[in-house]
Amino acid sequence: MKHPSFILAASLAALCLLQACEAFIPEKSDGRLSLRFSEDVFLSTRAAYDIPDTNDFILTILDSKGAELYKGKYGESPEALSVPSGSYTVFAVSEEFSVPKFSAPQYGDRQVVVVSSGRDTCVELICRQMNAGVKLNIAQNFLPSYPGGSLLLRSDDGKLLYSYSEKRIAYFNPGNVSLVLSDGGKDEVLLTRAGESQ
């Protein structure tokens, strides 16, 4: 039979050892989130010469609940953000785009990333065209056939009047775009195409 004082001493020693080990266990730490554009940013789209300076892109970082951690120019963003572990949505765009517009290509990227505690996570943004461009080639015999008519390009986000002499490219969010002939108070859908990002 072991002596009670020996048992008590052993218990105290084990407790002290446990407390000492706990002191060496690091507390849960944040991770670091950093971003950069891919080096071949200007090679990933056919209209590369139109891409504005990526430093002027609008960068937005949201946490998993949709709270905004950063919104501003990419060139003015911090080199890295210290954030709790979790998922984050990162997107950078050359300009805001929500409704159809002429001459308004939107370039950028959108990614969802997971940041681990105590780890560095680097997001490589790929610059590509995010909206879809539409340009019509109107046959010469179309105008005499519908002299009082007008053409509309229409999507779920809105519509644009497309004159017979229009030379600009119309831009839409990805999705269906319909060409509508409005003539004599009646609208007729001539065709519908699916617009896709590049």
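See the structure printed just above.
Residues numbered from 1 in each chain as written. Predicted model: local features only at pLDDT ≥ 70, side-chain atom pairs only at ≥ 80, totals over all residues. Heavy atoms only, no water.

Visitor: Please provide a residue-by-residue account of the packing of aromatic side chains, values included.
Guide: Scanning the entire structure with this criterion turns up 5 aromatic pairs. Consider the rings of Phe-102 and Tyr-162, whose centres lie 6.0 Å apart with planes at 50 degrees: the pair is tilted. Taken together, the residues span a long stretch of sequence, with Phe-102 in strand 6 (residues 101-102) and Tyr-162 in strand 12 (residues 158-162) at a distance of 60 residues. Accessibility classification places Phe-102 together with Tyr-162 in one group, the buried group. Summarising the aromatic geometry, the rings of Phe-142 and Tyr-164 are spaced 5.7 Å apart at their centres and angled 85 degrees between planes, so their arrangement reads as edge-to-face. Of the two residues, Phe-142 sits in helix 2 (residues 142-145) while Tyr-164 sits in the loop between strand 12 and strand 13 (170-172), which places them 22 residues apart along the sequence. Among the aromatic residues, ring-to-ring pairing joins Phe-37, Phe-57 and Tyr-74 into one connected group. Sitting over the ring of Phe-102, Arg-168 keeps its end group 4.1 Å from the ring centre. (Phe/Tyr/Trp six-rings, centres within 6.5 Å; stacked < 30°, edge-to-face > 60°. Helix = DSSP H or I, 4+ residues; strand = E, 2+ residues; numbered from the N terminus. Buried < 20%, exposed > 50% of the residue type's maximum accessible area, 1.4 Å probe, protein only. Lys NZ or Arg CZ within 6 Å of the ring centre and 35° of its normal.)

Visitor: Which residues make up unusual backbone geometry, and what values go with them?
Guide: Phi at Ser-103 is positive, roughly 50 degrees, even though this residue is not glycine. One can find Ser-103 in the loop between strand 6 and strand 7 (107-115).

Visitor: I'd love a proper account of the nonpolar core, names of residues and values included.
Guide: Of all hydrophobic cores here, the largest spans 20 residues; its most connected members are Leu-33, Leu-35, Phe-57, Leu-59, Ile-61 and Val-90. Only strand 1 (31-37), strand 2 (58-63), strand 4 (81-83), strand 5 (86-93), strand 7 and strand 8 (120-125) provide two or more residues apiece to this core. Among residues more than four places away in sequence, those in contact with Leu-35 are Leu-59, Ile-61, Tyr-74, Glu-79, Val-90, Val-123 and Leu-125. In this structure, Phe-102, Leu-151, Leu-153 and Ala-170 belong to the second largest nonpolar core, which totals 12 residues. (Core = buried A, V, L, I, M, F, W, Y, C linked by side-chain atoms within 4.5 Å. Contact = heavy atoms within 4.5 Å.)

Visitor: Mind laying out the environment of Lys-159, listing which residues take part and the relevant values?
Guide: Inspection of the secondary structure assignment puts Lys-159 in strand 12. Judged by relative accessible area, Lys-159 falls into the exposed class, the value being 55%. Distance in space between the C-alpha atoms of Lys-159 and Ala-170 is 9.9 Å, their sequence separation being 11 residues. The residues contacting Lys-159, other than those within four sequence positions of it, are Pro-100, Leu-152, Leu-153 and Arg-154.

Visitor: Kindly report on the sheet that holds strand 3 (residues 68-73), identifying the contributing residues and their values.
Guide: Adjacent strands of a sheet form backbone hydrogen bonds with each other and so pair up, either parallel or antiparallel. Spatially, 5 strands are ordered 3-2-5-7-9 in an open sheet, and the strand pairing comes out antiparallel. The sheet terminates laterally at strand 3 and strand 9 (128-129), the two strands that pair on one side only. As paired strands, strand 7 and strand 9 are joined by 2 bridges and run antiparallel to one another. Across the sheet, residue Tyr-107 finds its bridge partner in strand 9, namely Gln-129. (Pairing = 2+ DSSP bridges.)

Visitor: Before we move on, could you go through the sheet that holds strand 13 and cite the residues and values that matter?
Guide: Taken together, the 3 strands give an open sheet; going across it, the order is 6-13-10, and neighbouring strands pair in antiparallel fashion. Edge strands, defined here as strands with exactly one partner in the open sheet, are strand 6 and strand 10 (132-134). Both strand 6 and strand 13 contribute to a ladder of 2 bridges, which runs antiparallel. When the sheet's bridge partners are listed, Lys-101 is paired in strand 13 with Tyr-171.

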